[in-house]
Amino acid sequence: MEITNPHDKFFKDNFTDKDIVKDFIKGSFPKDLQNNLDLSSLELDNNSYIDEELKEYYSDIVYNCLYKKLDIKITILFEHKSYIPDYPFLQLLKYMIKVWDFNIKNKEKLMPIIPIIFYHGKDRWEYIKVFRYFDEIDDILKPYLPNFDYLLTDLSSLSDADIKDRIFQNELLKVSLLIMKNINDEEKLKINLENFLFLGKLYYEEEKGLRFLEAIIRYIYSSTEISVNDMVESITKISEKGGNLVMTTATKLMEKGRIEGKLEGKLEGKLEGKLEGKLEGKLDIAINMVKDGLSVDKIVMYTGLSKKEVEGLIKKYNKELNI
């Protein structure tokens, strides 16, 4: 069963939680920037500024926040294809212009933007300054190029120990990042799943923690071949409520998969039947045209069959007549 972009969904499930985002900012923003942000003013912006072109690479979560007394936007762009694009600065520039276009359209002041790229691919992301994309740029030409920085969270550059013990404080954020970091290493994730989930054990007896746990189950189920039994075993050791939730959620997911599989099979059968019927109808018409002596070109034009298919029919017809 396929859930549309499970990585993207899991990211949004977690990063729309203000407590998680506050700790993410504390763990990943430069100190001088953090010190001037009023995180109590952090509010989710329900708009997305991703257009059709950018949608192929990113999804976004946007927060409004006060920097000193200035309204700014903090935009977290999740790189959901898990590979490094050739010109990320161009994509970011297009994105920022979309935000400013929105400001202008709504007669707002242009808002400064802190863009963050969140990347969870296997290869290290190389941060490249804009001017390095241009050959033989000197100090005279540099001022005429767009020049801005972005913040980068590259999970491939962080060890599990960095995430667990050194950078972040929020336990649910730690669990999320550890699972996202290791989602493509199925064997390692399976071995460490219980240890990762154990970090959030205090939350699994309350509603928020159980919703978080359900999002994890759906993510792992949709992105890996780790069995339901393995998930149940890992979670039940930590929380009886969590174990029961795994069973219920997994049962629903499997049932949904079976229903979708049946519907897909029926739909494919109907389409195949219709196509076969249409093809058979065309062949019957073409054979009658062959009998009437119409030219190959006219039969192709009237039936939509290929020239090769028509010539094959003529050959078969002539063979049956022993011509």
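Keep in mind that this is a model prediction, so the values were computed, not measured.

Student: Just to check I follow, could you spell out the packing of helix H7 (residues 171–182) against helix H9 (residues 207–223) for this structure?
Tutor: Geometry of a packed helix pair, given as the angle between the helix axes and the separation of the axes. Packing of H7 against H9 leaves a shortest axis separation of 12 Å and a crossing angle of 0 degrees. Judged by the angle between their axes, H7 and H9 are roughly parallel. Taken together, the residues of H9 that come into contact with H7 (itself represented by Leu172, Val175, Ser176, Ile179 and Met180) are Lys208, Phe212, Ile216, Tyr219 and Ile220. Among the residues forming the contact of H7 with H9, the class breakdown is 8 nonpolar, 1 polar and 1 charged.

Student: Sorry, what's going on with the nonpolar core here?
Tutor: Soluble globular proteins tend to bury their nonpolar side chains together. Among the nonpolar cores identified, the biggest contains 58 residues, and Phe15, Phe29, Ile74, Phe118, Ile179 and Leu197 are the most heavily contacted of them. The element best represented in this core is H9, accounting for 8 residues. Setting aside its immediate chain neighbours within four residues, Phe118 contacts Phe11, Phe15, Phe24, Ile76, Leu77, Phe78, Glu79, Thr153, Leu155, Leu177 and Met180.

Student: Sorry, what's going on with unusual backbone geometry here?
Tutor: If a residue is not glycine, its phi is most likely negative; likewise, a peptide bond is most likely trans. In this structure, Lys107 takes a positive phi of about 55 degrees despite not being glycine. Relative to the helices and strands, Lys107 is located in the loop between helix H5 (88–105) and strand E4 (113–119). Positive phi, close to 55 degrees, is recorded for Glu136, a residue that is not glycine. By secondary structure assignment, the location of Glu136 is in the loop between E4 and strand E5 (151–154).

The rules behind these values
Residues numbered from 1 in each chain as written. Predicted model: local features only at pLDDT ≥ 70, side-chain atom pairs only at ≥ 80, totals over all residues. Heavy atoms only, no water. Axes fitted to C-alpha atoms, helices over the stretch in contact; angles between N-to-C directions. Helix = DSSP H or I, 4+ residues; strand = E, 2+ residues; numbered from the N terminus. Parallel < 35°, antiparallel > 145°, perpendicular 65-115°, else oblique. Contact = heavy atoms within 4.5 Å. Nonpolar A, V, L, I, M, F, W, Y, C, P; charged D, E, K, R; others polar. Core = buried A, V, L, I, M, F, W, Y, C linked by side-chain atoms within 4.5 Å. Buried < 20%, exposed > 50% of the residue type's maximum accessible area, 1.4 Å probe, protein only.

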